[in-house]
Amino acid sequence: MPKLNEERARRRTFAIISHPDAGKTTLTEKLLLFGGAIQMAGAVKAKKAARHATSDWMKLEQERGISVTSSVMQFQYRERIVNLLDTPGHADFSEDTYRTLTAVDSALMVIDCAKGVEERTIRLMEVCRLRQTPIFTFINKLDREGRDPVELLDEVESVLGIECAPVTWPIGMGSRLKGVYHLLDDAVHLYESGRNYVTQQARIIEGLDNPELDEVLGGDAAELRDEIELVRGASHPFDPDRYLAGQQTPVFFGSAINNFGVTPLLDAFVEHAPAPGPRETVGRTVESTEPDLTGFVFKIQANMDPAHRDRIAFMRICSGRFERGMKLHHVRLGKDIKAANALTFMAQDREQVENAWPGDIVGLHNHGTIGIGDTFTLGESLQFTGIPNFAPELFRRAQLRDPLKLKQLQKGLIQLSEEGATQFFRPLNNNDLILGAVGVLQFDVVAYRLKNEYNVDAIFENINIHTARWVRGTDRKLDDFRRQMQTNVAEDAAGQLVYLAPSRVNLQLTEERWPDLEFAETRETL
Ligand code: G4P
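Note that this is a predicted model, so its numbers are computed, not measured.

A. Spatial organisation of the packing of aromatic side chains. Tallied over the entire structure, the rule returns 16 aromatic pairs. Both rings, one in Phe-296 and one in Phe-384, keep their centres 5.6 Å apart while their planes meet at 45 degrees; by these two values the pair is tilted. Of the two residues, Phe-296 is situated in strand 14 (residues 294-302) and Phe-384 in the loop between strand 23 (375-377) and strand 24 (394-400); the sequence distance between them amounts to 88 residues. Exposure class is identical for Phe-296 and Phe-384. Each is buried. Relative to Phe-519, the ring of Tyr-499 has its centre 6.2 Å away and its plane inclined at 75 degrees; by these criteria the two rings are edge-to-face. Taken together, the residues span a long stretch of sequence, with Tyr-499 in strand 30 (residues 497-501) and Phe-519 in strand 31 (residues 518-520) at a distance of 20 residues.

Here it is as structure tokens:
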């Protein structure tokens, strides 16, 4: 399969992780621009006002200025095919981000040079560490006054616990920004404020000893030479193997909004970031070079395109070649389905896929039969591992303004909970509709989407539930439990039995009373 291996080796599938406002959207735009995926990447302002970023799907995102959904963007850069999986930056959407990180081969961390390592970055880094995801670092907003670069690298090393290898080094910052020095190429990329907007044509001076540098930088040139000598002496040299093992991060400096420092980043990224590698399943390791198609679903999105009113399951291809119209084996259901009109993602424009390869993401139309974590194969019974489920921490009761819309409300709550960010519960002894979520903003999002996508006006009110536990055990014990605990028992959207505990003490007592049952924090991985 030379073609399979060739296509696999060209793929670079990654996500950008950052604290909100560090510049992820801006950098995404610039990367897409370099990849020719969008024609114009104006200032973010222009985007926010009129022509919203290609990665922002929902109106809600624009209103709130946060990315609610993860989108998938594919573009070509040099001879590589880059798949960029966008992730929401807001903490209330972290489950989505965590699951997306299981579908990538590497990550790019964006840090604001004035703020350094922030709280969200720390949490996302922890997730990346679980799978030793290799990470590139981009320190952004160099056109503004920021912190001392040595101090920033120290902070990354001590707070995030990863070795830093500077690849570019800033020459000044804020109004004194002159450019960056590329430590591997021995070249200075000069910065021209405001000039590098659309495409970057930074002037490059080859060699630190080049007299041209003295002409351009004057007295600063000598200072730069001294500084670089110190940096080389005090920092780790870039080691591709340590990077691939997740132990070292190559660091780049720049200004995304000015398109500065992005080319060196992207060049190094497509060269060093890993191509799709092996993936673990319950029984064996699947090599990405295997000829038979395998993949898993890491994300489900309802009503992605309001005009189509469809639900899409995002499948990451782990091995083999995907062909449009092929039959896929849905392992959990033990059934074959036909992937007749699978989708590939070029941000908002959806194109029909003919072929896709390891590392690519395809969108399958879902009519409620595909769940997060589902594996697809050509017939083999496999189950990819490592796709997390999340325990809801907040609970609300849905209240309808128009009681005649009950059916619509139920449908909306079930379909939206398939996406995995919220969970839907129906108590056994009353007609409440209860929603569980990890972040409070999720309730606003659901209310908004119910109105927009299902034409239902609902509000969410507080309810006395402390936590939820998925109850497992023998059928007989479960029947007993169902009968005796009626007031606190519910079914989730998939019909699994859930205990809704009013308090911590109550949960403890119940667990003690029912020692033969298991009380799990998350639903069973399907
Ligand atoms: P996010 O997706 O990580 O949340 O960040 P986003 O790209 O939306 O950027 C957050 C803010 O930082 C935006 O400003 C954006 O213009 C600004 N920004 C991004 N990159 C740079 C950079 O290299 N230099 C400077 N100086 N600013 C940068 P905003 O105030 O939210 O919007 P706007 O009013 O500036 O449009």
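B. Fine view of the site of the ligand. Within the structure, the ligand sits among 18 residues, and Asp-21, Lys-24, Thr-25, Thr-26 and Asp-143 are positioned closest to it. Between an oxygen atom of the ligand and a main-chain N or O atom of Gly-23, the distance comes to 2.9 Å. Its free accessible area being 700 Å², the ligand has 79% of it covered by the protein chains. Put simply, the parts of the chain that give the shell around the ligand at least two residues each are helix 2 (24-34) and helix 3 (44-49). The residue inventory of the shell around the ligand, partitioned by class, reads five nonpolar, six polar and seven charged.

C. Quick peek at a negative patch on the surface. A contiguous patch of negative charge, built from Asp-185, Asp-186, Glu-206, Asp-209 and Glu-271, is present on the exposed surface. Residue Glu-271 is classed as exposed on the basis of its relative accessible area, which comes to 55%.

D. Just helix 1 (residues 2-10), in detail. By the burial criterion, the buried members of helix 1 are Leu-4, Glu-7 and Arg-8. End-on, the buried residues of helix 1 take up no more than an arc of 100 degrees, which puts them together on one face.

E. Representation of the sheet that holds strand 10 (residues 204-206) within the structure. Taken in spatial order, the four strands make up an open sheet running 7-8-9-10, and their pairing is antiparallel. Both outer strands of the open sheet, strand 7 (168-171) and strand 10, are each paired with one neighbouring strand and no more. Strand-to-strand twist in this sheet, taken as the mean axis angle between neighbours without regard to direction, amounts to 25 degrees. Sheet analysis places strand 7 next to strand 8 (residues 179-182), joined by four bridges and oriented antiparallel. Bridged to Thr-168 within strand 8 is His-182. Those strands touched by helix 9 (residues 220-234) are strand 7, strand 8 and strand 9 (187-190), and its axis lies near 145 degrees from that of strand 7.

F. Structural context of the packing of helix 2 against helix 11 (residues 262-272). One can describe the packing of helix 2 onto helix 11 by two numbers: an axis separation of 11 Å at closest approach and a directional angle of 70 degrees. Between helix 2 and helix 11, the angle is such that the two are roughly perpendicular. Regarding helix 2 and helix 11, the two cross each other, and that crossing is right-handed. Mapping the contact onto sequence places Leu-27, Lys-30, Leu-31 and Phe-34 in helix 2 and Val-262, Thr-263, Leu-265 and Leu-266 in helix 11. Of the residues that constitute the contact of helix 2 with helix 11, the class distribution is six nonpolar, one polar and one charged.

Rules used in this analysis
- In this numbering scheme, every chain counts its residues from 1 along its sequence in written order.
- Selection of residues for local features in this predicted model requires a pLDDT of at least 70, selection of side-chain atom pairs for listing and counting requires 80 or more, and totals for whole chains, interfaces and linings are taken over all residues.
- Excluding hydrogens and water, the side-chain values take into account all heavy atoms of the structure.
- What counts as a ring pair is set by centres within 6.5 Å for rings of Phe, Tyr and Trp (its six-membered ring), and what kind of pair is set by the plane angle: stacked under 30 degrees, edge-to-face over 60, tilted for all other angles.
- Secondary structure elements follow DSSP: runs of H or I of four or more residues count as helices, runs of E of two or more count as strands, with numbering from the N terminus.
- Relative accessible area decides the class of each residue, using a 1.4 Å probe on protein chains only: under 20% of the type maximum gives buried, over 50% gives exposed, and in between gives partly exposed.
- In this text, near means that some heavy atom of the residue lies within 4 Å of the molecule or strand in question.
- Definition of a polar contact: a pair of N or O atoms within 3.5 Å, with one able to donate and the other able to accept a hydrogen when the atoms are protein atoms, and with sequence-neighbouring residues admitted only if both atoms are side-chain atoms.
- Surface exposure here means Shrake-Rupley accessible area, sampled with a 1.4 Å probe, where a residue is shielded only by the protein chains that are shown.
- Residues are grouped as follows: Ala, Val, Leu, Ile, Met, Phe, Trp, Tyr, Cys and Pro are nonpolar; Asp, Glu, Lys and Arg are charged; all remaining types, including Gly, are polar.
- A patch consists of residues exposed above 30% relative accessible area that lack any salt bridge, with like charges linked at up to 9 Å and nonpolar side chains (Val, Leu, Ile, Met, Phe, Trp, Tyr) linked at up to 5 Å.
- For this document, the term salt bridge refers to a Lys or Arg side-chain nitrogen within 4 Å of an Asp or Glu carboxyl oxygen.
- Under the counting rule used here, the positive set is Lys and Arg, the negative set is Asp and Glu, and His together with the chain ends is not counted.
- We put the charge of a Lys on NZ, of an Arg on CZ, of an Asp on CG and of a Glu on CD.
- In this description, the arc belongs to the directions extending from the helix axis to the C-beta atoms.
- Only strands joined by at least two bridges in the DSSP assignment are considered to pair.
- Interaxial angle, 0 to 180 degrees, is taken between N-to-C directions of lines fitted to C-alpha atoms, where a helix line uses only the stretch in contact.
- Any two residues having at least one pair of non-hydrogen atoms within 4.5 Å are treated as being in contact.
- For classification purposes, an angle smaller than 35 degrees is called roughly parallel, one larger than 145 roughly antiparallel, one from 65 to 115 roughly perpendicular, and anything else oblique.
- Crossing chirality is assigned from the near helix's rotation relative to the far helix, an anticlockwise turn below a right angle marking it left-handed and a clockwise turn marking it right-handed.

Distances and angles like these do not, on their own, reveal function.
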